[in-house]
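Spelled out from the first residue to the last, the chains are:
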Amino acid sequence: MNEKLIDDIKHLLQWYRLNYGETLSIPGELSFDLEDEETAPAIPVPQPAAVAREADRESLADPLKIHGDHPRLKSFYEEIRNCRNCDLSQSRKHFVFGMGNPQADIMFIGEAPGRDEDEQGFPFVGRAGKLLDKMLFALGLKREDIYIANVLKCRPPGNRDPLPDEVLQCEPYLQQQLAIIQPRVVVALGRIAAQVLLKSGDSLKILRESEHSYNGIPFIVTYHPAALLRNSGWKALAWHDLKKLKKHMAGEL
Ligand code: SF4
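These figures come from a predicted structure and were not determined experimentally. Residue numbers here run from 1 along each chain, matching the order of that chain's written sequence. Side-chain atom pairs in this predicted model are given and counted only at pLDDT of 80 or more, local residue features only at pLDDT of at least 70, and totals for whole chains, interfaces and linings cover all residues.

**Q** I would appreciate a short explanation of the site of the ligand in the present structure.
**A** For each residue, a C-beta atom is positioned from the backbone; the residue is called near a molecule or strand if that atom sits within 6 Å of it. Close contacts around the ligand come from 13 residues, with C83, C86, S89, C154 and C170 the closest. Secondary structure elements are taken from DSSP: a helix is a run of H or I of four residues or more, a strand is a run of E of two residues or more, and numbering for both begins at the N terminus. Those elements that place two or more of their residues in the shell around the ligand are α5 (88–91) and α8 (164–181). Polar here means any residue outside two lists: the nonpolar Ala, Val, Leu, Ile, Met, Phe, Trp, Tyr, Cys and Pro, and the charged Asp, Glu, Lys and Arg; Gly therefore counts as polar. Classifying every residue of the shell around the ligand gives seven nonpolar, three polar and three charged.

Written out as structure tokens, the structure is:
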């Protein structure tokens, strides 16, 4: 048995144990249950949520995790961190540039900072962020392995959808981040990020089920973790999307 397969099985069993305890029961096709931390059973093993909390603390203690001391990313961050190109600059608490590994092969892109992100200045640090960490863990990844950013760098009041003018002003920043990081695969989290980047008005369902590339980069569309927290019925579909990402990472697509 090769090492990759052993790793896959190990992660799969860790996840199963985390969510279901010690009894193995597989009804039909196996899919990961990306449960909310509050409803997942407490099991005395190292948990992804704990890893996420630790990652959050480190991030807050070390703003270098925003740009990883990568010269071009750092200089771009310094250039735009005080941006006032749209009205969201009036209401934001923090500008949320992004965070992660500037040499990452995978870049996740969300819609805009939410309340927790606005409070802390880092993307995906609330409940949705913890679920994202679980999704990464299921793939054998950590935050440090990827880069993550949003289409908008400042929080829309009340978490409303971004306005066209806000996207127009802010999207070039994301384009520049993509040009600097040059990921091998891009994953759009949610309808807004997918529609903006693909310049499409299609539904999330259609976007998820279609093949895309973005400037020649394989582009996968899946649910925003916040949507998965609201509707657990979508988790199996999200896992289906993540399996596509896994295949891209393995060079099978
Ligand atoms: S949302 Fe983007 S364009 Fe608007 S102020 Fe923030 S960084 Fe600037």
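**Q** Sorry, what's going on with the pairing of strand β2 (residues 106–110) here?
**A** Where burial is concerned, most of β2 is hidden: five out of the five residues are buried. Every second residue of β2 is oriented toward a common face, with I106, F108 and G110 on one face and M107 and I109 on the other, all of them buried. Two strands pair if DSSP finds at least two bridges between them. Pairing geometry for β2 and strand β4 (residues 185–189), over four bridges, is parallel. Each bridged residue has a counterpart across the sheet, and for I106 the counterpart in β4 is V185. Bridge count between β2 and strand β3 (residues 147–150): four bridges; the pairing is parallel. Bridging across to β3, M107 finds its partner in Y147. Residue burial here comes from a neighbour count, namely the number of other C-beta atoms, placed from the backbone, that lie within 10 Å of the residue's own C-beta, with 20 or more meaning buried, 12 or fewer meaning exposed, and in between meaning partly exposed.

**Q** Could you clarify how one ought to interpret the pairing of strand β6 (residues 217–222) in this entry?
**A** Two faces belong to every sheet, and in a regular strand the side chains alternate between them. Pairing of β4 with β6 involves four bridges; the strand directions are parallel. Among the inter-strand pairings, A188 is bridged to a residue of β6, identified as V221. Pairing of strand β5 (residues 212–214) with β6 involves three bridges; the strand directions are antiparallel. Counted as the bridge partner of S213 is P218 from β6. Count of turn residues in the β5/β6 antiparallel hairpin: two residues, of which N215 carries a positive phi of about 50 degrees.

**Q** Could you clarify how one ought to interpret helix α7 (residues 127–138) in this entry?
**A** Note on helix geometry: an α-helix contains 3.6 residues per turn, so any two residues three or four positions apart are oriented the same way. To estimate how far a helix should reach, multiply one less than its number of residues by 1.5 Å. The end-to-end C-alpha distance of α7, which contains twelve residues, comes to 17 Å, matching closely the 16 Å that a straight helix rising 1.5 Å per residue would cover. Buried residues dominate α7, accounting for eleven of its twelve residues. Just past α7, the residue G140 takes up positive phi, approximately 80 degrees.

**Q** Would you mind going over α8 with me for this structure?
**A** For α8, which comprises 18 residues, the first-to-last C-alpha distance of 25 Å matches the rise-based estimate of 26 Å (1.5 Å per residue) to within 8%. Think of it this way: the bend at a residue is just the angle between two axes, each fitted to seven residues, one set ending at that residue and the other starting at it. Along α8, the largest kink reaches about 35 degrees and is centred on C170; proline P172 follows within four residues of it. If you check which residues of α8 are buried, you get E166, Q169, C170, Y173, L174, Q177 and I181. Its buried side turned inward, α8 meets α4 (71–80), α5, β2 and β3. Phi turns positive, to about 50 degrees, at Q182, one or two residues after α8. The contact criterion used is a C-beta to C-beta distance within 7 Å, with each C-beta placed from the backbone.

**Q** Can you help me understand the nonpolar core in this one?
**A** Nonpolar side chains in soluble globular proteins tend to end up buried together. Counting 55 residues, the largest nonpolar core has M107, I109, V151, V187, A188 and A193 as its most contacted members. The leading source of residues in this core is α7, at seven residues. Residues in contact with A193, not counting those within four places in the same chain, are I109, G110, E111, V151 and A188. Buried Ala, Val, Leu, Ile, Met, Phe, Trp, Tyr and Cys residues form a nonpolar core when they are connected through C-beta atoms within 7 Å.

Keep in mind that these numbers describe shape and distance, not what the molecule does.
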